[in-house]
Amino acid sequence: MTLLDVAHLNVGYASARGSIRAVRDVSFSLDRDEVLGVVGESGSGKSTLAHALMGYRMRGTSMLEGNVTFDGIPLLRCPAQELRKIWGRRIAMVHQNPLASLTPTMRVGEQIAETIRQHRNVTAAEAQSAVAASLRAVELPEGSDIARRYPHQLSGGQRQRITIAIALSLEPDLMILDEPTTNLDATTEAVILDLLEDIRSRIRMAMVYISHNLGVIARVATRVAVMHAGEIVETGTVSQIFTAPAHSYTRALLKSLPRPGIAKPKARVIAGEPVLAAASIRKSFGRRTGTVRAVCGVSLQVPRGAVVGLVGESGSGKSTLLRCIAGLERPESGTIRYLGSDLPASVAERGAHVLRTMQMVFQDPESTLNPSLAIGTTLRRHLIALKATDGAAARLAVDEALRRVRLDPAYRARLPRELSGGEKQRVAIARAFLSAPELLLCDEPLSSLDVSVQAAICRLLLDLQRDYGTSYVFVSHDLAIVRYMSDRIVVMYLGEVVEEGEAGSFDRHPLHPYTEALFSATPIPDPAAANARVRLKSQISDADRERPGCIFNARCHRRKGAECAEIAPPWRDAGGRRYRCHWPPSELADQQGNVAHPAARG
Amino acid sequence: MTGPVASAAGHVALDKPEGRRWRWQMVVPAAVVAVYLLTGLVGESVAPYSATDFNTGPPLAPPSETHLFGTDGFGRDVFSRVLVGARTILLLSLSATLLGVGAGCALGLVSGYRGGAVDETVMRLVDVLLALPGLLLAMLILTSLGPSSLNLVLAIGFVFIPKSARIARSAVLPLRNAGYVEAARLRGAGWASIVFAELLPIVLPQLAVEFCLRFAYALLLISSLGFLGFGVQPPTPDWGLMISEARNYVTIAPWPVLFPALAIGLLVVAVNALADALTSSGERRVEQYL
């Protein structure tokens, strides 16, 4: 039975650069039990579609045509008063950024109650029990004081649970989710997806799930609509889309996905002294609540010509370690040897040779380039600072650098705001390769890019790595990408290394329970692959750093016994790998054997 | 993960381009300010009488064909004095604003970028200065230095430093850890080159707004100081001073007060409106970034 019927929907809005038609002639229908996954890249009109489905006119909307019929009600022709009765009660929405959709000055329990009171005449006691029921529905511990906390006191995953609780509180017929897990760590994302799946099995409800990530869509959706440039280019059941995609765009999108077990060809690693050898790096930050040890005695070696992947959740200290190596943060202790000599801690004390040969690519493409300077100016400045070059030669070098990252040299005259996120990251890579570096530090260079753009940037980085023989330290929270890019993988948790080894050996099996959880959290773009369920229920907590015993103990699903809480686990060797755990490799493998590992399925 | 979706950026296409349009909110105040600047340049040569000559007509004569704005108590032509007075006040307030906003912004940018002890020291000093009312502080400086045009500029410039420093500091704070700043540090750029070559161009639109607002305030300050006798000394035609001199006859002959007051008022309103227009165009620019 059809719940939502969309026919010839067109949405346009006025922007500073002219009027944009963001949604073009979109038609589809949705049954009461269906979950429609809408997939597309940023800028493809997904969010505009989500708002139009509610009959909501976003600011600046200049055109809203066509029909959206929800349970017989024509939403686009509905007076605002009627719409307000439908929103929240019958159609609920969950946004990408929970921190922006929650009121910062209100306790979260009160925010759930507010939604209930808005639509129903309830007593205080009834509202309280409804709030408790909503919190139960999103599996937040009931007895705890979570309802009495403010949004900033919750973790990202807990906040998103609260917005889902608000959406569920009135048992809507339709829930629209706009990239609800995009801002979350992979491990938290996996838990939220489990929750949504579970809710769907309990409550009869239709969902429109919007994401740029096909792996996520494969897990939650029953039907998929692929959006490109404002149009729906293909719809079908999940298995149709994944096994027999009809449209070329869908095929390209599928091909660009990182799949576990797929890796680049091995790099030519040159034996001998490593490019970089950091030993016992420590760094802590002062906070109001006390000092937080971000990196605790980490050692890292980067063989010449190799890509070392550094992986972990946010808060694992991987970025801090990278910034210590770059000289942007001053570690409290530890030594860094680089190209055979000791490296001063601060970038200000480092010689010209070090500045020239060690380069960095930053995470956020929006802030990596100075918005007020043309691309050419940014590149020329960097070049002239590192190498004494005259104007004409610099210009040639800048053009060459742009070509190297497959951008037209005419881009030199453009401002960063005229470039897409992927193009900005290309320019940042061009900047890093102006001086043919020995070591490139990549600080999550892909995490704010679309999946298809990620694939292109990955390839570019690997091509440059091969051509220049540069060694990389590649930081990411995405184990699939790290596996694809790296020759060696280092897994970090709460400022410590918990496992490291040859990248290839990770294909066979994870060892450390934390690595296992990371693997299991990676969404696989294959609906047939029921992902192994290893879920970290609790949140990463700074308090764990201070406890004796294993730092992972509080979240570990393979706890051995009392020694886990009391004795720091030993390093254990297992054929080219080493990890810190009380379980020896054979016993870990036995336990993990019955849990199918994504890579094992190839 | 092999093939990228080549150039299939998936961006929605523009239906029709829309050119940059001049907006009257910007054009009207800019035109008014331009007229004032022009008057400041050529006022002396187009004025019908000398600004300092006594008895160009009967004293306190009402506006007429020969004396457009009437005459003051000494028989000086008010129209000529208003025209010639434009240069004095524009020159003084522009140089005071340049000095004060320039020094204040430089201080704020450096303090905001460097942070730590530098920032703490500068900002506490700024707090102390901000505790004193602007006009009072200017009078204090002028009484100790003695009234002269140079001292007037110095005094008002000094009054502007703390507020401009605050504005520049708050503009630069969110940018200090941006990727392009760290990239500059990694190529060995020092703090001065980062502040003035990387950060200044970004915050310049915000500082332009601050400049306009301070300029309007400088006009008022100079007029107020002139009125109180601390500013420009007679017989130089100064709008504030003119109001002060003619205020005794305001009930029988309002024109020597009215016209300089109108001249001040219109300019201050126009400069403020220009600052508003600049602010909203800055906001539009920000929207484009998003």
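In this text, all values refer to a predicted model and were calculated from it rather than measured experimentally.

It is worth spelling out the confidence of the model for chain B at this point. Averaged over all residues, the pLDDT of chain B is 85; the fraction at 70 or higher stands at 89%. Two summary scores accompany this predicted model of the complex, namely pTM at 0.81 and ipTM at 0.79.

Spatially, S12-S11-S14-S15 (chain A) is the arrangement adopted by the four strands of the open sheet, whose pairing is antiparallel. Of all strands in the sheet, those with a lone pairing partner are strand S12 (290-302) and strand S15 (341-342) of chain A, marking the two edges.

This part is about the environment of Val172 of chain B. Residue placement: Val172 of chain B occurs in helix H5 (residues 149-172). Not counting the four nearest positions on each side in its chain, Val172 of chain B is found in contact with Gly108, Leu109, Gly112, Tyr113, Leu199 and Val203 of chain B.

Residues and elements named next belong to chain A. Where burial is concerned, the two faces of strand S6 (residues 91-94) agree: the one with Ile91 and Met93 and the one with Ala92 and Val94 are both buried. Examined bridge by bridge, S6 and strand S7 (residues 174-178) share four bridges and lie parallel to one another. Bridged to Met93 within S7 is Ile176.

Turning our eyes to something else, we now look at helix H19 (residues 513-521) of chain A. Most of H19 of chain A is tucked away, with nine of its nine residues classed as buried. Looking at H19 of chain A, one finds that the buried residues are Pro513, Tyr514, Thr515, Glu516, Ala517, Leu518, Phe519, Ser520 and Ala521 of chain A.

Residue and element names in this part refer to chain A. By size, the foremost hydrophobic cluster in this structure holds 55 residues, and its most contacted members are Ile429 and Phe474. Ranked by the residues each element gives to this core, the list is headed by helix H16 (residues 451-468), at six residues. If sequence neighbours within four positions are ignored, Phe474 has contacts with Val307, Val308, Gly309, Leu310, Cys442, Pro445, Leu446, Leu461, Ile481, Val482 and Met485.

Take the pattern of salt bridges next. Inspection of every chain in the model, using the stated rule, returns 43 salt bridges over all chains. In this structure, the salt-bridge partner of Arg76 of chain B is Asp72 of chain B, at a minimum N-O distance of 3.0 Å. Pair check on accessibility: Arg76 of chain B and Asp72 of chain B agree, each one buried. Through salt bridges with shared partners, a single ionic network connects Arg32, Asp71, Arg90 and Asp173 of chain A.

All names here are of chain A. Strand order in this open sheet of six strands is S6-S7-S8-S3-S9-S10, and the pairing throughout is mixed. Bordering the open sheet on either side are S6 and strand S10 (231-237), each of which pairs with just one other strand. Averaged over neighbouring strand pairs, the angle between their axes works out to 15° when direction is ignored. With four bridges connecting them, strand S3 (residues 35-39) and strand S9 (residues 223-228) associate as parallel partners. What sits directly across from Val39, in S9, is Val226. Sheet contacts for helix H6 (residues 156-168): S6 and S7; angle to S6, the most-contacted strand, approximately 175°. Here helix H10 (residues 248-255) sits on the sheet and contacts S3, S9 and S10; the angle it forms with S9, its principal contact strand, is near 100°.

The rules behind the values
Residues numbered from 1 in each chain as written. Chains lettered and ligands numbered in written order. Predicted model: local features only at pLDDT ≥ 70, side-chain atom pairs only at ≥ 80, totals over all residues. Heavy atoms only, no water. pLDDT = per-residue confidence, 0-100. Pairing = 2+ DSSP bridges. Helix = DSSP H or I, 4+ residues; strand = E, 2+ residues; numbered from the N terminus. Contact = heavy atoms within 4.5 Å. Buried < 20%, exposed > 50% of the residue type's maximum accessible area, 1.4 Å probe, protein only. Core = buried A, V, L, I, M, F, W, Y, C linked by side-chain atoms within 4.5 Å. Salt bridge = Lys/Arg side-chain N within 4 Å of Asp/Glu carboxyl O. Axes fitted to C-alpha atoms, helices over the stretch in contact; angles between N-to-C directions.

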